[in-house]
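Coordinate analysis (summary)
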Amino acid sequence: MRTGADVRSVLERAHETSIPYQYESEELLKGDHVAEMFRTRGYTRVRVIYNCGVESNGRLKLFTRGHFWGGDDEHQRYQAQYRREPCPTETVPFDTYEVWMRYQYGTIERDSAGNVVFVSDAERDGETLRRLEWPELYTPVKRRLAELELVRNPAFARYRLLEHEEWSEYVRSFRYDPTVFGVGP
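What counts and how
- Sequence order as written defines residue numbering, which begins from 1 separately in each chain.
- Only residues with pLDDT of at least 70 are given local features in this predicted model, and only at 80 or more are side-chain atom pairs given and counted; all residues enter the totals for whole chains, interfaces and linings.
- The side-chain quantities take in all heavy atoms of the structure and omit both hydrogens and water.
- Under the DSSP-based scheme used, a helix requires at least four consecutive residues in state H or I and a strand at least two consecutive residues in state E, with every element numbered from the N terminus.
- When accessible area is computed with a 1.4 Å probe and restricted to protein chains, residues below 20% of their type maximum are described as buried, those above 50% as exposed, and intermediate ones as partly exposed.
- Under this scheme, a helix contributes an axis fitted over its contacting stretch, all axes are lines through C-alpha atoms, and angles between N-to-C directions fall in the 0 to 180 degree range.
- Orientation categories follow fixed angle ranges, with anything under 35 degrees roughly parallel, anything over 145 roughly antiparallel, 65 to 115 roughly perpendicular, and all other angles oblique.
- A contact between two residues is defined here by any heavy atoms of the two lying within 4.5 Å.
- Gly is placed with the polar residues, together with every amino acid not listed as nonpolar (Ala, Val, Leu, Ile, Met, Phe, Trp, Tyr, Cys and Pro) or charged (Asp, Glu, Lys and Arg).
- Strands were regarded as paired on the criterion that DSSP finds at least two bridges between them.

1. Some remarks on the overall build of the protein chain
Each helix and strand in the protein chain was counted, giving 5 helices and 6 strands. Taken from N to C terminus, the helices and strands of the protein chain fall in the order α-β-α-β-β-β-β-β-α-α-α. In terms of its C-alpha atoms, the protein chain occupies a principal-axis envelope of roughly 55 × 40 × 30 Å. Counting across all 185 residues of the protein chain, residues that qualify as buried make up 41%.

2. Focus on the packing of helix 3 (residues 139-152) against helix 5 (residues 167-174)
Where helix 3 contacts helix 5, the axes come no closer than 11 Å and their chain directions differ by 90 degrees. Judged on the interaxial angle alone, helix 5 and helix 3 are roughly perpendicular. Across from K142, R143, A146, E147 and L150 in helix 3, the residues of helix 5 making contact are W167, Y170, S173 and F174. In the contact of helix 3 with helix 5, the residues fall into 5 nonpolar, 1 polar and 3 charged.

3. Considerations on the sheet that holds strand 4 (residues 75-84)
Ordered by their spatial adjacency, 6 strands build an open sheet running 1-2-3-4-5-6, and the pairing between neighbours is antiparallel. Taken across any chain shown, the strands that pair with only one partner, and hence form the sheet edges, are strand 1 (21-30) and strand 6 (116-133). Across the sheet, the mean angle from the axis of one strand to that of its neighbour is 15 degrees, orientation sign disregarded. Alignment of strand 3 (residues 60-69) against strand 4, held across 9 bridges, turns out to be antiparallel. Its bridge partner being in strand 4, L62 is matched across the sheet by Y82.

4. Some thoughts on the pairing of strand 2 (residues 45-54)
In terms of burial, strand 2 is a largely internal element, 7 of the 10 residues being buried. Here strand 1 runs beside strand 2; their pairing, made up of 10 bridges, is antiparallel. In the sheet register, K30 faces strand 2, and the bridge partner there is R45. Where strand 2 and strand 3 come together, 10 bridges link them in antiparallel fashion. The residue bridging V46 from the neighbouring strand is F68, located in strand 3.

5. A few points about the environment of V180
Mapped onto the elements, V180 comes out in the segment after helix 5. For V180, a relative accessible area of 1% translates into the label buried. Residues V180 and Y170, 10 residues apart in the sequence, show an inter-C-alpha distance of 11 Å. Apart from the residues within four sequence positions on either side, V180 is in contact with R13, Y21, R143, E147 and F174.

Written as structure tokens, this is what we have:
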């Protein structure tokens, strides 16, 4: 295990990451901060599965799916995909992302076998496709997109994060995280 000065920089690790790059991770969060973090209607729990990737042609894709629950509102099941086109010179990192989202309201229950199931209220389904600016994205989504942008084009992504005054934040977050870039510190 590397320590201190032997730890490679975030930029070095990003450069070492091979494309295509793909991984899946899961988070289970609870507490009052969930509503603020995801700008939801007061949910106190969230389960999110992230499927993150940079395709061989350079296209970024981040697919998320999960559930919100807790609080007074009906539970919610959702899927969202965040994309940015493949050619780095035509679109700018940390600018605008195309976001497709599908969601359903309902309840999370246990069936007779004890399995957790989502019972949908079919009248309250929705689907959207829109373009979102970087500041509009959820903090956990921004973290994954920052990693993908650094894999795709490390120098340009670093430059754009410096412009946004967010480079230090992501360096602190990524530096000792052995899962970031698929290349340990």
